[in-house]
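Tertiary structure, described
In case you want the letters, here they are:
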Amino acid sequence: AVGWDDGTLLVWSLKDRLSGEEQEQHAPHAVTLIEWSPEAERFISGDGRQPEAGPANLSVWKVDSRGRPSTVCSYKPASLGGLSHAISRTAGKVKKLVTSVFAAPDCPPFYVAGPAGAVCHATDTGQCNEVISDLGAPVLAMLYDGGSDLLVCMLANSFLCTFKLANNKPMPKTKVKLAMGKGGLQGASWAAPGHLALACSDSLVRLHIVPEGDHYNLLLADVPGAAALGGETGSVVAVSHDPLRGSLAAATREGVAVVWRLIGGEGGMTEEAERAWAPLAPVALGKDRSATALGFGPGEGLLACQYTSGDRSGLCLLPETKLTRTHHGDWALLQTSAHTARVEHLSSGATRLLQTKMRVLGGALYGNVAVLWSGARIEVYEFDESDPSPDEPRLLGEFDSAAHPVALWDDKLFLCVGDRIELSNFAGSIEGSVGLSDAEGQPTCVHIAGRARRGAYLAVGTSTGFVKAWEISRTEARQHVSGRQLVASGPARITSIAITTDGARMSALLETQHTHKSAGNPAAGSASRASWVRSQGLRVYVAETDAVQVHDFGASHRMPQSHHWDPVETMLLAVDTRPTASAPSRSAPLEVTTLFSTPDGGLKVRDSLAPDVPDATFEGLLGLTVPRFHLVRADSLEVVAHESEERAGHKKAAEEARLVHALLLREFDGMEDVDAATSHALISFSYHLVLGQMDEAHRAVRNIKAASVWENMASMCVQTRRIDVAEVCLGNMGHARGARAIREAIGLRSDPEVCAGILAGGGGRPGRAAER
């Protein structure tokens, strides 16, 4: 429904591509209010006519199958002045039993307010009564909390008034004065149950917790990348909330939009509430565009921003995009903007730039072939692996396809369309397909892994929480693992999946659906809303035993972001995590945890490492290839965000910036060029050490002679406090005095912490000794 400044109402049906207009109820006065009822069975409209023109008109509408609006009833509430705000009361709503096709649809009562400071209660059955006569100031915002059945009014005199609704009559509950900055209130929205977000023309979003009366702020200056767009000192003039994904958006008068994602969960917002919000990358709306309003779509991941530019106005649609991060072999594919991606060599840093006109939703990489897709089109590129490359990437094929996501292996594309995965060549010709059952749902994520002459495996995660795998190295894909649901009860969907190169294990992250009484975005729906909540558990499905292994990062107050298997050591995987709101304030912003998936003992934590590199900040983990982690540098991403523009200006900063940083696993410190046999021996040692199998751990490394290897294993003993292995390590290092000190400490039954300190000092690790 659209209202125009000449009083015209227009209703557009997207499904039927039909529109209907009405020009009698409000003309010639501007339509200042349009609000759909929660289930879209009615909408209300109001105009902003001045008192000298008579009372403003408030109308309730229904829409027929051809998109034509017709009036259900109209009111002229004289006490309101112009009409500017409306909300529906959804608490206690009971569905009517419809016994006839001619029965009127159910519509909840609603409240309307305007600049006169009064509030009226109305229905679609001809009732309209004033329920609040004078709030003392014009109403600037009016919201409704369906969970507590609370009406909230924010006034021009900076007061916030709450009313408990009883028999549709507002009963005063609280009245507090808010800090609204020099510019006053420009916009308001719920941010979470009980948490009000306020836009007040300053460089922060003010949040007020209604039940407790507390408040906290989200600063633009704390948003990475905002300074580059000139947004860190901007004036926030609009806010909006997406309850489905727990997102809060703000837009500034200077034309920058910022989105925060709730990472702490509703239970984690009682202490240091601002830490429950993680900022996403900011977006510039365009040159000379000043934001005026924000709104999330009813689906997921679409934000609309209204703006003005000079004497014109317009609308920006901002679809949420998860930037692609993937690697295969020695190359990585990293999306840097909506239309560009970079291919970077993991060792040399050589780069290739991919540019496209379509908005990229994802990408995949195999050898020297990269594929980008938009959900409407697919483009396949080939690049030269030599360094320096004499040629730019070449377009191998392109075709229209609604597939999403897409995977690549050898010379085949795997296109997820509906409930099936189609096998296609680079020209888009379909050569086969595999399917999912109705219970298994539709593909949400896909991953392929394999090794030369040893087979390749396609793993799929679905919208109903299933994982499934096929062996794809043959002429026709053959089912490798039948559909397996990872969560026994409640709705769940897989958000990321990874399979080992031998097809023996699949790891997955997922979201579960929670229904709760949420604070109402008035246009967002009924009192009970279902939202998807990220699980803090990593799940691994072991094909041989048909077992699901789980590691809960919630115990350490962290949230897993991505997960990667080593291509050779197929029981070893790495997970990067971020702290949740309940984590201690000094928690590492990024931490990489390595785990072993054991046959009988489940998932065992091997090590946790917080990357600490001078002058570098990291976005997350790209992959694990023993002996190295590969991390994506956040500071370099800001440099290459406009790489194509930099090249046109003959600037080298973006080309020379490395997006991928290699970091050695802890036990390989000082052994960058370790051979494959020694590498496998160290991982085997670590595996048996984690399981407490001391004899097997010693046998794994008994043939190693290098003192540096034994020193690194001694360091592992410090970390794991495995003092019973310490004497062997120090003995092989030729550290007789250290070995004797450990032997004496054990003989005296000293505290394990003391023994670990002796070991750290004796092994040449004074820093470790000090930590003990």
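Some words on the overall build of the protein
From N to C terminus, the protein includes 10 helices and 56 strands. Within the span of the protein, comprising 772 residues, buried residues form 51% of the whole. A fraction of 47% describes how many contacts in the protein between residues 6 or more apart in sequence connect residues 24 or more apart. Of the roughly 34700 Å² of accessible surface on the protein, 49% is carried by carbon and sulfur atoms.

Considerations on the sheet that holds strand β43 (residues 478-485)
Sheet architecture is open: 4 strands sit in the order β40-β41-β42-β43, paired in antiparallel fashion. Either end of the sheet is taken by a strand with one partner, and the two such strands are β40 (443-450) and β43. Within this sheet the neighbouring strands show an average axis-to-axis angle of 15°, counted without direction. Bridging between β40 and strand β41 (residues 456-462) involves 7 bridges; their strand directions are antiparallel. By the bridge assignment, P443 is partnered in β41 with T462.

Description of the nonpolar core
Within the largest apolar cluster, 30 residues are counted, with the highest numbers of intra-cluster contacts made by L624, F629 and F668. Those elements that place two or more of their residues in this core are β51 (572-579), β52 (591-598), β54 (618-625), β55 (628-633), β56 (660-664), α4 (676-691) and α5 (694-701). With 6 residues, α4 is the single largest residue contributor to this core.

Some thoughts on the pairing of strand β29 (residues 331-335)
On a regular strand, each side chain points to the face opposite its neighbour's, so the side chains alternate between the two faces of the sheet. In terms of residue burial, β29 counts as a mostly covered element, since 5 of its 5 residues are buried. By the alternation rule, side chains of β29 split into W331, L333 and Q335 and A332 and L334, which are all buried. Sheet topology places strand β28 (residues 325-328) next to β29; 4 bridges connect them, and they run antiparallel. Residue pairing for β29: H328 is matched across the bridge by W331. The turn joining β28 and β29, which pair antiparallel and follow one another in sequence, is formed by 2 residues; a positive phi near 65° is taken by G329. Relative to strand β30 (residues 340-345), β29 runs antiparallel, the two being bridged by 5 bridges. Of the residues in β30, the one forming a bridge with L333 is V343.

Quick look at the state of the cysteines
Applying the stated criterion across every chain yields a total of 0 disulfides. A disulfide-free cysteine, C316 has its sulfur positioned 6.1 Å from the sulfur of C305, the nearest such atom. Given a relative accessible area of 10%, C316 falls into the buried group. No disulfide involves C416; its nearest neighbouring cysteine sulfur is the one of C445, lying 8.8 Å away.

Some points on a nonpolar patch on the surface
Together, L302, L315 and L317 give the surface a local cluster of nonpolar side chains, amounting to about 300 Å² of exposed area. Along the polypeptide, L302 turns up in strand β26 (residues 302-309).

Focus: the sheet that holds strand β31 (residues 351-355)
One key point about sheets: their strands pair by backbone hydrogen bonds, in either a parallel or an antiparallel sense. Ordered in space as β28-β29-β30-β31, the 4 strands form an open sheet in which the pairing is antiparallel. Edge positions in the open sheet fall to β28 and β31, since each of these has one partner strand only. Looking at each pair of strands side by side, their axes are set apart by 20° on average, direction ignored.

Here's the deal with the packing of aromatic side chains
Counted under the stated rule, the structure contains 5 aromatic pairs. Between W331 and F383, the ring centres sit 5.1 Å apart and the planes meet at 65°, which makes this aromatic pair edge-to-face. Taken together, the residues span a long stretch of sequence, with W331 in strand β29 and F383 in the loop between β34 (377-382) and β35 (394-400) at a distance of 52 residues. Both residues of the pair, W331 and F383, belong to the buried class. Taking the centre distance of 5.1 Å and the plane angle of 85° together, the rings of F596 and Y687 count as edge-to-face. Placement of F596 in strand β52 and of Y687 in helix α4 is noted, with a sequence separation of 91 residues between them. On the basis of relative accessible area, F596 is assigned to the buried category, the value being 2%. Three or more aromatic residues joined by ring pairs make a cluster, and in this case those are W36, F43 and W61.

As for the pattern of salt bridges
Taken as a whole and assessed by the stated rule, the structure comprises 22 salt bridges. One salt bridge in this structure joins D149 and R89, with 2.5 Å as the shortest N-O distance. Here D149, found in the loop between β12 (139-145) and β13 (150-155), pairs with R89, found in the loop between β8 (85-88) and β9 (110-113); they are 60 residues apart in sequence, far enough to count as distant. You'll find D149 and R89 in the same group, each marked buried. A salt bridge links E511 to R493; its shortest N-O distance comes to 2.7 Å. Of this pair, E511 sits in strand β45 (residues 505-517) while R493 sits in strand β44 (residues 492-499), placing them 18 residues apart in sequence. Residue classification places E511 among the buried positions, given a relative accessible area of 9%. Connected via shared salt-bridge partners are R342, E344 and R658.

Here's the deal with the side chain of S235
The topology assignment puts S235 in the loop between β19 (215-219) and β20 (236-242). S235 gets classed as buried once you look at its relative accessible area, which sits at 14%. Non-local contacts of S235, meaning those with residues more than four positions away in its chain, are made with S201, D202, A251, T252, R253 and E254.

With respect to the environment of P599
Relative to the helices and strands, P599 is located in the loop between β52 and β53 (602-609). Its relative accessible area of 48% is what places P599 among the partly exposed residues. Along the primary structure P599 and V542 are separated by 57 residues, whereas in three dimensions their C-alpha atoms are 8.2 Å apart. Setting aside anything within four residues of it in sequence, one finds P599 in contact with R505 and Y687.

Some points on the side chain of H241
Its place among the elements puts H241 in strand β20. On the accessibility criterion, H241 (6% relative accessible area) is buried. Among the polar contacts made by the side chain of H241, one reaches the main-chain carbonyl oxygen of W190 at a distance of 3.2 Å.

Observations concerning α4
Between its first and last C-alpha, α4 extends 23 Å over 16 residues, near the 22 Å set by a 1.5 Å rise per residue. G692 lies just past α4 and shows a positive phi near 75°.

Structural notes on the packing of α4 against α5
Viewed as axis vectors pointing N to C, α4 and α5 meet at an angle of 175°, and their least axial separation amounts to 8 Å. Considering their axes alone, α4 and α5 lie roughly antiparallel with respect to each other. The segment α4 lies against α5, with A681, S684, F685, H688 and L689 engaging M694, E696, A697, A700 and V701.

What counts, and where the lines are drawn
Residues numbered from 1 in each chain as written. Predicted model: local features only at pLDDT ≥ 70, side-chain atom pairs only at ≥ 80, totals over all residues. Heavy atoms only, no water. Helix = DSSP H or I, 4+ residues; strand = E, 2+ residues; numbered from the N terminus. Buried < 20%, exposed > 50% of the residue type's maximum accessible area, 1.4 Å probe, protein only. Contact = heavy atoms within 4.5 Å. Areas by Shrake-Rupley, 256 points an atom, 1.4 Å probe, with all protein chains shown as cover. Pairing = 2+ DSSP bridges. Axes fitted to C-alpha atoms, helices over the stretch in contact; angles between N-to-C directions. Core = buried A, V, L, I, M, F, W, Y, C linked by side-chain atoms within 4.5 Å. Disulfide = S-S within 2.5 Å. Patch = residues over 30% accessible without salt bridge, like charges linked within 9 Å, V, L, I, M, F, W, Y side chains within 5 Å. Salt bridge = Lys/Arg side-chain N within 4 Å of Asp/Glu carboxyl O. Phe/Tyr/Trp six-rings, centres within 6.5 Å; stacked < 30°, edge-to-face > 60°. Polar contact = N/O pair within 3.5 Å; in protein donor to acceptor, adjacent residues only side chain to side chain. Expected span 1.5 Å × (residues − 1). Parallel < 35°, antiparallel > 145°, perpendicular 65-115°, else oblique.

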